[in-house]
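Fold and contact review
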Amino acid sequence: MIVRLVLEFLNGASVTLKEKSPQEILEWAAKNFPNEIAASSSFQTQSVPLLHMIASTVPQLPILFIDTGYHFPETIAFRDRLVHSWNLNLEVLTVRNSMEEGLWYANQPLYLTNPDLCCEIHKVAPMREAMRRYRVWISGIRRDQSHTRAKADIVEVSKENRIRIHPMLEWTQSDVQQYVRNHGLPEHPLDVLGYVSIGCAPCTRPPLTGGGLRSGRWQGTGKTECGLHTHLRDVSKKN
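Throughout what follows, the structure given in this document is the object of discussion. In this text the structure is predicted, and so the values were computed from the model without any measurement.

Criteria and cut-off values
- Once a new chain begins, its residue numbering starts again from 1 and follows that chain's sequence as written.
- Local features in this predicted model are restricted to residues of pLDDT 70 or higher, and side-chain atom pairs are both shown and tallied only at a pLDDT of 80 or more, whereas totals for entire chains, interfaces and linings draw on every residue.
- Neither water nor hydrogens contribute to the side-chain values; these are computed over all heavy atoms in the structure.
- Following DSSP output, two strands are said to pair if at least two bridges run between them.
- Only runs of H or I of at least four residues qualify as helices and only runs of E of at least two qualify as strands under DSSP, and these elements are numbered from the N terminus.
- Orientation is described by axes fitted as lines to C-alpha atoms, over the contacting stretch for helices, and by angles from 0 to 180 degrees between their N-to-C directions.
- Residue contacts are defined here by distance: any two heavy atoms, one from each residue, within 4.5 Å place the two residues in contact.
- Definition used in this section: a nonpolar core is a set of buried Ala, Val, Leu, Ile, Met, Phe, Trp, Tyr and Cys residues joined via side-chain atoms within 4.5 Å.
- Per-residue accessibility, obtained with a 1.4 Å probe over protein chains only, is compared with the maximum for each type, and a residue is labelled buried under 20%, exposed over 50%, and partly exposed between these values.
- Note: the arc covers the axis-to-C-beta directions of the helix.
- Roughly parallel here means an angle under 35 degrees, roughly antiparallel means over 145, roughly perpendicular means 65 to 115, and every remaining angle is called oblique.
- Each crossing gets its hand from how the near helix is turned against the far one by less than a right angle, where anticlockwise is left-handed and clockwise is right-handed.
- For this classification, the nonpolar set comprises Ala, Val, Leu, Ile, Met, Phe, Trp, Tyr, Cys and Pro, the charged set comprises Asp, Glu, Lys and Arg, and every other residue, Gly included, is treated as polar.
- Salt bridges, as used here, are contacts in which a Lys or Arg side-chain nitrogen is within 4 Å of a carboxyl oxygen on Asp or Glu.

Within the open sheet, the six strands sit side by side as 3-2-1-6-8-7. Their pairing is mixed. Lying at the two open borders of the sheet, with one neighbouring strand each, are strand 3 (89–93) and strand 7 (155–157). Each strand of the sheet is rotated relative to its neighbour by a mean of 30 degrees, with strand direction disregarded. Across two bridges, strand 1 (residues 37–40) lies against strand 2 (residues 62–66) in parallel orientation. In the strand pairing of strand 2, Ser 40 is matched with Leu 64. Packed onto the sheet, helix 2 (residues 22–32) meets strand 1, strand 6 (136–138), strand 7 and strand 8 (163–165) and runs at close to 155 degrees relative to strand 8.

Structure, rendered in structure tokens:
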């Protein structure tokens with residue numbers, strides 16, 4: 001269990017780090033949690049600034065990518081391009097069992113019949129397994145992405161005693177775009193087709209007119225999150 005003293009340290013850090021840049025937050029995390037920290041990335045354009053900062057600030061940091069088997073081929077190619085160009089320390093996570101076995105109902109794939117369970121099997125479960133090896137998880141979520149993410153803190157402790165750090169939390173979509181332009185960074189090939197938030201191909205569309213950044217995900221289902229940043233974020237009450 002994380003003792004009260006550690007919780008107080010992390011809660012204090014979450015307040016102090018609001019005034020720091022994402023690079024400074026990364027350096028703080030690497031200094032305080034050496035050899036027990038990893039970042040996750042979906043390798044879309046909004047992921048690029050954090051990946052670029054990791055490459056220049058903490059290049060040995062493991063970067064976890066969940067290969068669900070349903071990604072756009074453009075996403076895999078974009079991932080490989082960035083890993084090669086920036087020498088990223090990539091670790092690919094996959095589901096343990098066969099993706100197809102037992103995942104069909106009434107001759108339809110699980111992502112159509114039960115998208116929540118599909119995400120649990122292909123995304124949440126592999127990440128939960130990986131987090132048994134890492135105490136601290138860095139993710140690139142931002143407040144402006146969804147109402148659930150708007151409630152996050154820069155440093156959080158989950159009920160499972162997992163420490164989560166969000167260096168980009170206070171950034172906006174405009175900040176991301178500006179950083180990409182300022183540094184001449186590559187953009188995901190599907191951006192030009194109107195995609196903003198890119199996940200698995202069967203469950204991703206361009207955002208709805210007037211909708212939020214993630215309104216293109218799981219359209220028509222009422223679903224807005226895969227569970228990585230809700231189920232696995234389930235934070236402890238602050239003491």
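Next comes the rest of the description.
A few words now on the nonpolar core. In this structure, Trp 28, Ile 138 and Ile 165 are the most contacted members of the largest nonpolar core, which totals 41 residues. Counting residues per element, this core draws most heavily on helix 3 (residues 48–57), which supplies five residues. If sequence neighbours within four positions are ignored, Ile 165 has contacts with Ile 25, Trp 28, Ala 29, Phe 33, Val 136, Trp 137, Ile 138, Ser 139, Ile 154 and Val 155. Grouped together as the second largest cluster of nonpolar side chains are 16 residues, Leu 64, Cys 119, Tyr 134 and Trp 137 included.

Moving on, we get to helix 7 (residues 173–183). Looking at helix 7, one finds that the buried residues are Val 176, Tyr 179 and Val 180. The buried residues of helix 7 occupy an angular sector of 100 degrees when projected down its axis, which confines them to one face. The exposed residues of helix 7 that point more than 90 degrees off its buried face are Arg 181 and Asn 182. Turning to helix 7, the residues buried within the fold contact helix 2 and helix 3. Downstream of helix 7 by a residue or two, Gly 184 has a phi angle that is positive, lying close to 60 degrees.

Before going further, it helps to spend a moment on the packing of helix 3 against helix 4 (residues 73–86). In the contact formed by helix 3 and helix 4, the axes pass within 11 Å of each other and the chain directions differ by 25 degrees. One element, helix 3, and the other, helix 4, form an angle in the roughly parallel class. Helix 4 is crossed by helix 3, and the crossing has right-handed handedness. Contacts between helix 3 and helix 4 involve Val 48, Leu 51, His 52 and Ala 55 from the first element and Phe 78, Leu 82 and Trp 86 from the second. A breakdown of the residues in the contact of helix 3 with helix 4 according to their chemical character gives six nonpolar, one polar and no charged.

Below, the discussion takes up the packing of helix 2 against helix 3. Pairs of packed helices are described in terms of their axes, by the angle between the two and the distance that separates them. At their nearest, the axes of helix 2 and helix 3 sit 10 Å apart, and the two run at 55 degrees to each other. Considered as vectors, helix 2 and helix 3 are oriented oblique to each other. Where helix 2 crosses over helix 3, the handedness of that crossing is right-handed. Residues Pro 22, Gln 23, Leu 26 and Glu 27 of helix 2 form the contact with helix 3, whose participating residues are Leu 50, Met 53, Ile 54 and Thr 57. Along the lines of polarity and charge, the residues of the contact of helix 2 with helix 3 split into five nonpolar, two polar and one charged.

This paragraph deals with the side chain of Ser 41. Tracing the sequence through the fold places Ser 41 in the loop between strand 1 and helix 3. The exposure class assigned to Ser 41 is buried, which follows from its relative accessible area of 12%.

Okay, the pattern of salt bridges next. A side chain with one charge can pair with a side chain of the opposite charge if their charged atoms come near. Summed over the entire model, instances satisfying the criterion amount to nine salt bridges. Measuring nitrogen to oxygen at the nearest pair gives 2.7 Å for the salt bridge that ties Asp 116 to Lys 223. Of the two residues, Asp 116 sits in helix 6 (residues 115–130) while Lys 223 sits in the segment after helix 7, which places them 107 residues apart along the sequence. Judged by its relative accessible area of 9%, Lys 223 falls in the buried class. Close ionic contact of Arg 132 with Glu 129 constitutes a salt bridge, the shortest N to O distance being 3.2 Å. Residue classification places Glu 129 among the partly exposed residues on the basis of a relative accessible area of 29%.

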